[in-house]
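# Working through the structure, step by step
Spelled out from the first residue to the last, the chains are:
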Amino acid sequence: MKRSEINQAILRSGLFFINNGWAMPPKPKWDVTDFGLGEFSKFGLILINLAEEAEYCEKLMYAAKDQTTPAHTHKKKKEDIICRTGELTIRLWAKNPADGETDETFQMKVNGHFQTIQSGGTINLKAGERVTITPGIWHEFYPTSEECIIGEVSTANDDLNDNFFADKNIGRYAEIVEDETPIVKLLSDK
Ligand SMILES: O=C[C@@H](O)[C@@H](O)[C@H](O)CO
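Here's a quick rundown of the structure. The structure presented is a predicted model; accordingly, all values stated were derived computationally and were not measured. (Residues numbered from 1 in each chain as written. Predicted model: local features only at pLDDT ≥ 70, side-chain atom pairs only at ≥ 80, totals over all residues. Heavy atoms only, no water.)

## Examining the packing of aromatic side chains
Given two aromatic rings, one states the distance between the centres and the angle between the planes to describe the pair. Where we set the bar: Here is the rule: rings of Phe, Tyr and Trp (six-membered ring for Trp) pair when centre to centre is within 6.5 Å. Planes less than 30 degrees apart are stacked, more than 60 are edge-to-face, and the remainder are tilted. Helix numbers and strand numbers start at the N terminus; a helix is a DSSP run of H or I with at least 4 residues, a strand a run of E with at least 2.
Here the structure, examined in full by the defined rule, presents 3 aromatic pairs. Arranged with centres 6.3 Å apart and planes meeting at 80°, the rings of Phe17 and Tyr62 form a pair that is edge-to-face. In this pair, Phe17 sits in helix H1 (residues 3–19) while Tyr62 sits in strand S3 (residues 57–64), placing the two residues 45 residues apart along the sequence. Following the ring pairs from residue to residue traces out a cluster consisting of Phe16, Phe17 and Tyr62.

## Quick word on the nonpolar core
Heads up, the condition is: In these notes, a set of buried Ala, Val, Leu, Ile, Met, Phe, Trp, Tyr and Cys residues joined through side-chain atoms within 4.5 Å is what counts as a nonpolar core. Think of it in three bands: residues with accessible area under 20% of the maximum for their type are buried, residues over 50% are exposed, and the middle band is partly exposed, with areas taken using a 1.4 Å probe on protein chains only. In what follows, residue pairs with any heavy atoms lying within 4.5 Å of each other are defined as contacts.
Formed by 25 residues in total, the largest nonpolar core has its most connected members in Ile81, Ile90, Leu92, Met108, Ile123, Val131 and Ile150. When contributions to this core are tallied by element, the ones reaching two or more residues are strand S2 (45–52), S3, strand S5 (79–85), strand S6 (87–93), strand S7 (105–110), strand S9 (122–126), strand S10 (130–133) and strand S12 (147–154). The residues touching Val131, leaving out its near neighbours within four places in the chain, are Glu79, Asp80, Ile81, Ile90, Met108, Lys109, Val110, Ile123 and Leu125.

## Focus: the sheet that holds strand S11 (residues 138–143)
What counts, and what does not: For two strands to be treated as a pair, DSSP must find no fewer than two bridges joining them.
On the basis of which strands lie adjacent, the open sheet formed by 5 strands has the order S9-S6-S11-S4-S13 and antiparallel pairing. Since the sheet does not close on itself, it has two edges, and those belong to S9 and strand S13 (164–165), each with one partner. With 6 bridges connecting them, S6 and S11 associate as antiparallel partners. Looking at the pairing, Ile90 lines up with Phe141 of S11.

## Some words on the site of the ligand
What counts is decided by this rule: If a single non-hydrogen atom of a residue is within 4 Å of a molecule or strand, that residue counts as near it. By the criterion applied in these results, polar contacts are pairs of N or O atoms within 3.5 Å in which, for protein atoms, one can donate a hydrogen and the other can accept it, and in which residues neighboring in sequence qualify only through two side-chain atoms. Note on areas: Shrake-Rupley with a 1.4 Å probe; residue coverage comes only from the protein chains shown. Of the two site types, the cavity is a set of points on a 1 Å grid over the protein atoms alone where a 1.4 Å probe fits but cannot get out, and the pocket is an open set with protein on both sides within 12 Å along at least five of seven lines, each lined by residues with an atom within 4 Å of a point. Put plainly, a molecule is in a cavity or pocket when over half of its atoms are within 2 Å of the grid points there.
Neighbouring the ligand are 13 residues; Lys59, His74, Glu79, Glu152 and Asp159 lie closest to it. Contacts to the ligand include Arg172, whose side-chain N or O atom sits 3.0 Å from an oxygen atom. For the ligand, whose accessible area on its own is 290 Å², the fraction buried by protein is 100%. The cavity that encloses the ligand is the largest cavity.

This is the structure we're talking about:
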């Protein structure tokens, strides 16, 4: 991923956050990724880590229409994924989708109430709505609105060791081609 794409993504999402009433913390911890797939408009996510504590974590995230965070799971982290502005679709699986389809169902909280979810099915979240994803549940998500602000409130976050992607070619952080000067230092920058 080019540094120029990262710079542009920060400017675009930063403007959208501010225009929608989300003030930035001092020294925001930016994380922009194409998941190593090199197609940022198809697979990508912009994140700001707001709180990173041993017991909990909070993130503010942004994606544009159809920009997908690919199927993955966490072994330790339990997280609420929240649609803050716009509309978000989330697809959920009981097992790794790379191992084939299953007609299993499972119980998961949607807006705080348990629902029966069909493995491989989707849930559409409108602004204010959330799902509670427990460790081992596989998920991918993408906005169906032009732009979307996504919240994450979770137990401890460990992006390096607790993201397991269905596609083995995926890496959590982007490989960056330095074609211009960074406007911010990313969490993944050395
Ligand atoms: O589901 C998404 C989240 O867990 C993100 O915080 C994670 O960094 C995506 O790899």
